[in-house]
Amino acid sequence: MSDKAQVVSPLKNFFAGGFGGVCLVFAGHPLDTIKVRIQTQPKPTPGVPALYSGTFDCFKKTLVNEGIRGLYKGMAAPIIGVTPMFAICFFGFGLGKKLQQKHPEEVLTYPQLFAAGMLSGVFTTGIMAPGERIKCLLQVRTLSLETRSMPDPWTAPSSCTEKLESEASTRGLC
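If you check an unreviewed UniProt entry, the protein appears there as Mitochondrial carnitine/acylcarnitine carrier protein from Staurois parvus. Of the protein, the UniProt comment under Sequence similarities (unreviewed entry) reads exactly: "Belongs to the mitochondrial carrier (TC 2.A.29) family." Recorded in UniProt for the protein, the comment headed Subcellular location (unreviewed entry) runs: "Mitochondrion membrane".

Structure below.
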């Protein structure tokens, strides 16, 4: 390896981060759906069992009632947002490191790396918060709407976004 610093392609990082993010969403979304459904299940009345008794019960009921697609409800919003989010995250981290370095070869301390990571989090919040809101609203919408108090037309990220914007302007997305 030479003494020169390697040049990193922003385009290469964008695609690598995007692909990694898409894989992360695809692999982790079913567990996220189960978590959100358990967290948002209606509080049972006394003497009536809860809608889901736990993780495996929620998984089983979702598969039986909605099929495998039920585990991936609301996935479009994070898939759409993950590539720009990771690209902005990488940019924010690089900027955070660059702001603290006196020269490009300087090795940063752990607190400095932590600060750079915090800056990257600030940059990604604008993309992540609306995407998470839409994802959660779509995840809790099940085929049995009688247990939910959500409007019926919330079936896709685009219709969910339009409904939120019309009800509360862009503040409804965050």
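Engineer: Looking at this structure, I do not really get the overall build of the protein. What am I missing?
Structural biologist: For the protein, the count of helices and strands is 5 helices and 0 strands. Helices (α) and strands (β) of the protein occur, in sequence order from the N terminus, as α-α-α-α-α. Nonlocal contacts in the protein, meaning residues at least 24 apart in sequence, comprise 63% of its contacts between residues at least 6 apart. Carbon and sulfur atoms provide 67% of the accessible area of the protein, an area that totals close to 11400 Å².

Engineer: Help me understand the packing of aromatic side chains in this model?
Structural biologist: A ring pair, where both rings are aromatic, is described by two values, the distance of the centres and the angle of the planes. By the definition in use, this model includes 3 aromatic pairs. Relative to Tyr72, the ring of Phe26 lies with its centre 5.2 Å away and its plane at 20°, an arrangement referred to as stacked. One end of the pair, Phe26, is in helix α1 (residues 10-39); the other, Tyr72, is in the loop between α2 (55-66) and α3 (76-100), and 46 residues separate them in sequence. Each ring, one from Phe86 and one from Phe90, has its centre 6.4 Å from the other, and the planes form 65°; the classification is edge-to-face. One end of the pair, Phe86, and the other, Phe90, are both in helix α3, 4 residues apart, so they sit about a helical turn from each other. Note on Phe86: relative accessible area 24%, which makes it partly exposed. Look at Phe90 and you get partly exposed, because its relative accessible area is 37%.

Engineer: Please clarify how a nonpolar patch on the surface should be interpreted in this entry.
Structural biologist: On the surface, a cluster of nonpolar side chains totalling about 310 Å² of accessible area is made up of Leu11, Phe14 and Phe15. Relative to the assigned elements, Phe14 resides in helix α1. Note on Phe14: relative accessible area 30%, which makes it partly exposed.

Engineer: What exactly am I supposed to notice about α3 here?
Structural biologist: Because an α-helix packs 3.6 residues into every turn, residues spaced three or four apart end up facing the same way. Along its 25 residues, α3 runs 37 Å from first to last C-alpha, staying within 8% of the 36 Å computed at 1.5 Å per residue. Of all bends in α3, the biggest is about 40°, found at Val82, and the proline Pro84 comes one to four residues later. Every buried residue of α3 is listed here: Ala77, Pro78, Gly81, Val82, Thr83, Met85, Ala87, Gly92 and Gly96.

Engineer: Looking at this structure, how should I read the UniProt feature "transmembrane region" (unreviewed entry) in the protein?
Structural biologist: Following the UniProt record, one finds the feature "transmembrane region" (unreviewed entry) at residues 70-93 and 113-131. Overall, residues 70-93 shows 75% helix and 0% strand. The separation of its end C-alpha atoms is 35 Å. Taken end to end, residues 113-131 is 100% helix and 0% strand, and its two terminal C-alpha atoms sit 27 Å from one another.

Cut-off values and rules
- Each chain has its residues counted from 1, running along the sequence as written.
- Local features in this predicted model are restricted to residues of pLDDT 70 or higher, and side-chain atom pairs are both shown and tallied only at a pLDDT of 80 or more, whereas totals for entire chains, interfaces and linings draw on every residue.
- With hydrogens and water excluded, all non-hydrogen atoms of the structure serve as input to the side-chain values.
- UniProt positions are given in the numbering used here, feature names are shortened, and annotations may be inferred rather than shown by experiment.
- The way it works is that DSSP assigns letters per residue, a run of H or I at least four long becomes a helix, a run of E at least two long becomes a strand, and they are numbered from the N terminus.
- Note on definitions: a residue-residue contact is assigned when non-hydrogen atoms from the two residues lie within 4.5 Å.
- Each accessible area value is a Shrake-Rupley result obtained with a 1.4 Å probe; residue values ignore everything except the protein chains displayed when judging cover.
- What counts as a ring pair is set by centres within 6.5 Å for rings of Phe, Tyr and Trp (its six-membered ring), and what kind of pair is set by the plane angle: stacked under 30 degrees, edge-to-face over 60, tilted for all other angles.
- Exposure categories follow from relative accessible area, calculated using a 1.4 Å probe and restricted to protein chains: below 20% of the type maximum is buried, above 50% is exposed, and the middle band is partly exposed.
- Two distance rules govern patches: like charges are joined within 9 Å, and nonpolar side chains (Val, Leu, Ile, Met, Phe, Trp, Tyr) within 5 Å, applied only to residues with over 30% relative accessible area and no salt bridge.
- Salt bridges are identified by distance alone: a Lys or Arg side-chain nitrogen within 4 Å of an Asp or Glu carboxyl oxygen.
- Multiplying 1.5 Å by the residue count of a helix minus one yields the expected span of that helix.
- One axis is fitted to the seven residues ending at the residue and one to the seven starting there. The bend at that residue is the angle between these axes.

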